[in-house]
Amino acid sequence: MIGHVEIWSKPDCIYCTKSKSILGNFNIPYTEKVLGEDFTREQVMEKYPTARSFPIIVIDGFYIGGYSQLEMKLNEEFKDSRK
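What you see as residue numbers is a count from 1 along each chain, following the sequence as written. Two thresholds apply to this predicted model, a pLDDT of at least 70 for residue-level local features and 80 or more for giving and counting side-chain atom pairs, whereas whole-chain, interface and lining totals are computed over all residues. Hydrogens are left out, water is left out, and the side-chain values use all remaining heavy atoms of the structure.

(A) Just unusual backbone geometry, in detail. Omega for the peptide link from phenylalanine 54 to proline 55 comes to 0°, which places this bond in the cis form. Each helix is a run of DSSP H or I of at least 4 residues and each strand a run of E of at least 2, with the numbering of both proceeding from the N terminus. Tracing the backbone through its elements, the reader meets proline 55 in the loop between α2 (41–47) and β3 (56–59). Positive phi, normally seen in glycine, also occurs at aspartate 12, with a value near 60°. Looking at the element boundaries, aspartate 12 is found in the loop between β1 (5–9) and α1 (14–25). A positive phi angle, near 50°, is found at aspartate 60, a position not held by glycine. Following the sequence through the fold, aspartate 60 ends up in the loop between β3 and β4 (62–65). Burial classes follow relative accessibility: with a 1.4 Å probe on protein chains only, a residue under 20% of its type's maximum area counts as buried, one over 50% as exposed, and anything between as partly exposed. Assessed through its relative accessible area of 47%, aspartate 60 is described here as partly exposed.

Rendered as structure tokens:
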């Protein structure tokens, strides 16, 4: 089961938009934090030093990666329900 999801995004980011869309398709609520409004680049680099692009996807406090990792996790989580 997918837990609490956070999307750390930046304006005009296509993969940030795609991440929010795929979560919506699965009816999974999420919290969004936006660069320049909710955090600075320095803050995100301090908190997630291995992140190299946006979005930064965090589930239950654990950084999982970006859009591709989110898509893989959702496909794995819901594969049995699509049969």
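(B) Molecular detail of the state of the cysteines. Cysteine sulfurs are considered disulfide-paired once they come within 2.5 Å of each other. Considering all chains together, one arrives at one disulfide under this definition. The disulfide partner of cysteine 13 is cysteine 16, and the gap between their sulfur atoms is 2.4 Å. Disulfide cysteine 13-cysteine 16: the torsion about the S-S bond is 80°, which places it as right-handed.

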